[in-house]
Amino acid sequence: MHEQLNTLTQMFFKSLKGNLMFEFLLSRFNSKRGPKRRLSLEQIVALNIYRFHFKCGDLKNYHKLIRDLMSDEVPNMPNYENF
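Every chain begins its residue count from 1, and numbering advances along the sequence as written. In view of the model being predicted, local features appear only for residues whose pLDDT reaches at least 70, and side-chain atom pairs are presented and counted only at 80 or more, with totals across whole chains, interfaces and linings using the full set of residues. Water and hydrogen atoms play no part in the side-chain values, which are based on all heavy atoms of the structure.

Draft legend 1. Broad picture of the environment of Asn19. Within the fold, Asn19 resides in the loop between helix H1 (2–15) and helix H2 (20–29). Remark: exposure states derive from per-residue accessible area (1.4 Å probe, protein chains only) relative to the maximum for the residue type, with buried under 20%, exposed over 50%, and partly exposed in between. You can call Asn19 partly exposed: its relative accessible area is 36%. Distance from Asn19 to Arg67, taken between C-alpha atoms, is 33 Å for residues 48 residues apart in sequence. A distance of 3.1 Å separates a polar atom in the side chain of Asn19 from the backbone nitrogen of Met21. In DSSP terms, a helix is any run of H or I states spanning at least four residues, a strand is any run of E spanning at least two, and both are numbered starting from the N terminus. Under this definition, polar contacts are N or O atom pairs within 3.5 Å; protein pairs additionally need one hydrogen-donor-capable and one acceptor-capable atom, and for neighbouring residues in sequence, both atoms have to be side-chain atoms.

Draft legend 2. Examining helix H4 (residues 59–69) more closely. When H4 is considered as a whole, its buried residues turn out to be Tyr62, His63 and Ile66. Projection of H4 onto a plane perpendicular to its axis shows the buried side chains occupying an angular sector of 100°, all on one side. Opposite the packed face of H4, turned more than 90 degrees from it, sit the exposed residues Lys60 and Leu69. Whether two residues are in contact is decided by their heavy atoms, any of which lying within 4.5 Å being enough. Against the buried residues of H4 lie helix H3 (41–54). To obtain the arc, one takes the directions from the helix axis to the C-beta atoms.

Draft legend 3. Just the nonpolar core, in detail. Buried residues of nine kinds, namely Ala, Val, Leu, Ile, Met, Phe, Trp, Tyr and Cys, make up a nonpolar core once their side-chain atoms join them within 4.5 Å. Core analysis: the largest hydrophobic core is formed by eleven residues, namely Leu5, Leu39, Ala46, Leu47, Tyr50, Cys56, Tyr62, Ile66, Met70, Val74 and Met77. Those elements giving two or more residues to this core turn out to be H3 and H4. Considering each element in turn, this core owes the most residues, three residues, to H3. Dropping the residues within four chain positions of it, Val74 is found in contact with His2, Leu39 and Leu47.

Draft legend 4. Spatial organisation of H3. A helix's residues, less one, multiplied by 1.5 Å, set its expected span. When the terminal C-alpha atoms of H3 are compared, their 20 Å separation across 14 residues agrees well with the 20 Å that a helix rising 1.5 Å per residue should span. Of the positions making up H3, those classed as buried are Leu41, Ala46, Leu47 and Tyr50. Backbone geometry just downstream of H3 places Lys55 in the positive-phi region, at approximately 55°.

Shown next, in the form of structure tokens:
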């Protein structure tokens, strides 16, 4: 399920290439301030879809769940403070 969701989000973002709003979003996402992003925008969207699928309202418990269950699929998972 994880691979299918990743390919779906990658195809979605690939279809948005060239859109002015998307390019603005990417420029804001890849800013030079703050810590370096360890997750791509596609991975963040996929993890948010999983959050709604698991019906997890608390972000701290969701981070622990993803860290424990999906550590091989998301090896560069940031710590909770940077999540």
